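Working through the structure, step by step
Now for the letters of each chain:
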Amino acid sequence: MSSGALPGFRDFYPDELARRAHIFRAWRAVARRYAFVEYDGPPLESLDLYTKKSGDEIVGQLYNFVDKGNREVALRPEMTPTLARMVAARASALRKPVRWFSIPQLFRYERAQRGRLREHYQLNVDIVGEASEVADAELLAVAVDIMRELGLTSADVRARVSDRRLLNGILVTLGVTEEQVPAVYGVVDKFARQPRELSAEKLAKAGIAPALVERILGLAAGATFEAVRAEFGSAPAAQEHVERFARYLAHLDALGVGEWVVLDLSIVRGLAYYTGIVFELFDAKGELRAICGGGRYDTLLKSLGGVDLPALGFGMGDVVLGELLNDRGLFPAATEEATDFQLVAGNGAGQHGYAEALGLVTVLRRAGFSVAHGMNAERYMGQATRNQVDGAKKAGVSAAIYFREDGATEAMSLLGKMSGAPTHTMDTTAALGGDAAVMQGLRDWLQQQRDNARNQNG
RNA sequence: GUGGCUGUAGCUCAGUCGGUUAGAGCAUCGGAUUGUGGUUCCGAGGGUCGCGGGUUCGAUUCCCGUCAGCCACCCCA
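As the structure is a prediction and not an experimental result, all values here were calculated from the model.

Of the regular secondary structure elements, chain A holds 17 helices and 17 strands. Computed over the C-alpha atoms, the radius of gyration of chain A is 29 Å, more than 25% above the 23 Å expected from 2.2 N^0.38 for a compact globule of 458 residues. Structurally, chain A occupies a C-alpha span of about 95 × 55 × 50 Å along its principal axes. Within the span of chain A, comprising 458 residues, buried residues form 48% of the whole. Sequence separation of 24 or more characterises 69% of the internal contacts of chain A that already satisfy a separation of 6 or more. Accessible surface, chain A as shown: approximately 22200 Å² in total, 50% of it carbon and sulfur. Computing the positive centroid from 53 side-chain charges and the negative centroid from 57, chain A places the two 2 Å apart.

Here we come to the pairing of strand S15 (residues 399–403). Across the five residues that make up S15, a large majority, five, are buried. Across the two faces of S15 the burial is the same, with Ala399, Ile401 and Phe403 and Ala400 and Tyr402 all buried. Sheet topology note: the strand S13 (residues 341–343)/S15 ladder contains three bridges and is parallel. Bridge pairing in S15 places Gln342 opposite Ala400. Where S15 meets strand S16 (residues 409–413), five bridges bridge the pair, whose relative direction is antiparallel. Each residue of the ladder has a partner; that of Tyr402, found in S16, is Glu410. Counting the residues between successive antiparallel strands, the hairpin from S15 to S16 contains five residues, one of them, Gly407, with a positive phi of roughly 100 degrees.

On the basis of which strands lie adjacent, the open sheet formed by three strands has the order S2-S4-S3 and antiparallel pairing. Unpaired on one side and paired on the other, strand S2 (44–46) and strand S3 (64–66) mark the two borders of the sheet. Across the sheet, the mean angle from the axis of one strand to that of its neighbour is 35 degrees, orientation sign disregarded. As paired elements, S3 and strand S4 (residues 72–75) share three bridges and run antiparallel to each other.

At a closest axis distance of 11 Å, the pairing of helix H5 (residues 164–174) and helix H6 (residues 181–189) adopts a crossing angle of 120 degrees. In this structure, H5 meets H6 at a crossing whose hand is right-handed. Two secondary-structure elements touch here, H5 through Arg164, Leu167, Asn168 and Leu171 and H6 through Val181, Val184, Tyr185 and Val188.

A word on the nonpolar core. By size, the foremost hydrophobic cluster in this structure holds 79 residues, and its most contacted members are Leu140, Met147, Leu281, Ile291, Phe314, Met316 and Leu321. Sorting elements by how many residues they give to this core places helix H4 (residues 133–149) first, with ten residues. Not counting residues up to four positions away in its chain, the partners in contact with Ile291 are Met147, Val157, Leu281, Phe282, Asp283, Gly315, Met316, Gly317, Val320, Leu321 and Leu324. Membership of the second largest hydrophobic core comes to 24 residues, among which are Leu343, Ala345, Phe369 and Trp445.

Conventions used here
Residues numbered from 1 in each chain as written. Chains lettered and ligands numbered in written order. Predicted model: local features only at pLDDT ≥ 70, side-chain atom pairs only at ≥ 80, totals over all residues. Heavy atoms only, no water. Helix = DSSP H or I, 4+ residues; strand = E, 2+ residues; numbered from the N terminus. Rg over C-alpha atoms; globule rule 2.2 N^0.38 Å. Buried < 20%, exposed > 50% of the residue type's maximum accessible area, 1.4 Å probe, protein only. Contact = heavy atoms within 4.5 Å. Areas by Shrake-Rupley, 256 points an atom, 1.4 Å probe, with all protein chains shown as cover. Lys, Arg positive; Asp, Glu negative; His and termini not counted. Charge placed at Lys NZ, Arg CZ, Asp CG, Glu CD. Pairing = 2+ DSSP bridges. Axes fitted to C-alpha atoms, helices over the stretch in contact; angles between N-to-C directions. Left-handed = near helix turned anticlockwise from the far one by under 90°. Core = buried A, V, L, I, M, F, W, Y, C linked by side-chain atoms within 4.5 Å.

This is the structure we're talking about:
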């Protein structure tokens, strides 16, 4: 509405940054669990890095310009060319297989709409130098485990998998000619997004016999792997690919993600550079765009970087994923980053004064706690405690801390109901002295309060 | 790039059949016996009614344009 960020770009206010951080945390945790290591490259690249792969028509979708050194440059729209460039430059020195991940911010000059902005963050996970389908299974397992890490289940998200070689073998067995294959791919790719009659029409136009048109559309509509295996398992053009795919599915089972996966021959992924097994993650209700997409691109590094290595990878953006987590209520309340304590004036405030109160704040900070305090001395001394506690509670602070009239120092939990809130009493002299045992006791108590609060909510 | 819908406070929305100083709830800020407190009460700030032009004595309201957002297409991440 009002003038804020540029169209398609986002401001991340603290609440929104917390959500982004939640997603990033899950991405990094799972990627590391699968022994991938993080890398990054520059957000600005030479324009021809992208035109080399995709042709000049891609320029219309790029943020590109001429820099002050007269270089044609573009903000990166995807990470794979950068990865290819980096791997190619050190190809002989890198231990294979390379298992790398990155969380780049990517840019595209396109009209923004739901789930699709001009800028987003995308987890990229890639394996370079391994041709086995075990690598394909490993890769999909990473993506699925990220869903688990974020609290999603196989009832929320489906992994749809296919294999270009398998699809090709099936088509050849059915009698589709080499020249007709691209047209068939185009139709299959769009199968779910256009009327069946239109798909049939396009196939007929490509010279495919009416009976075959029905067979192809039937396969695209949802053939199970068992049906495919039964029909094409011993066909010469398809046998090898059926067997490989069966091994792939077995590996997925062994890696514990089998129940998330369904065969979907209509997953083609854009026609471009994929050469083998491809997959996409979708929300099970089918309301959103793809959460994640990837697959094997064995020839890309050669065409892009001049190094002939098999490779595969996927990209998972933060936008659609964030929408899904939001819809399912899976973003945690912002308590994880909550401030530990806020100083308020208790009955003993008059005996100690503001300077000594700030001394307490400083001791707590040195002990590693995050501590806030009112920055107005008169207010601290003059404002009713209930108002100060109120303010701390509203600010999301975990506990209030104050001097009591009897000389003790007390912390009071702000996490649950206010009536009968748990408190923790300390000797003021020891607390002000930063006594290690007192600080540890306070730390344990605070952790206890957070655990209790979490159990009540969950 | 094409088409449809929508723009009033930080958020969710009222309202004006064209008429003087545009409203509510929530949120924010201040206050309500120097103090066991998320309640309640009082008060304050905050809007060129997206922007520009046209019609009119007068436009936030009607018309046109434009920008932005949403949705679909195109394309892809």
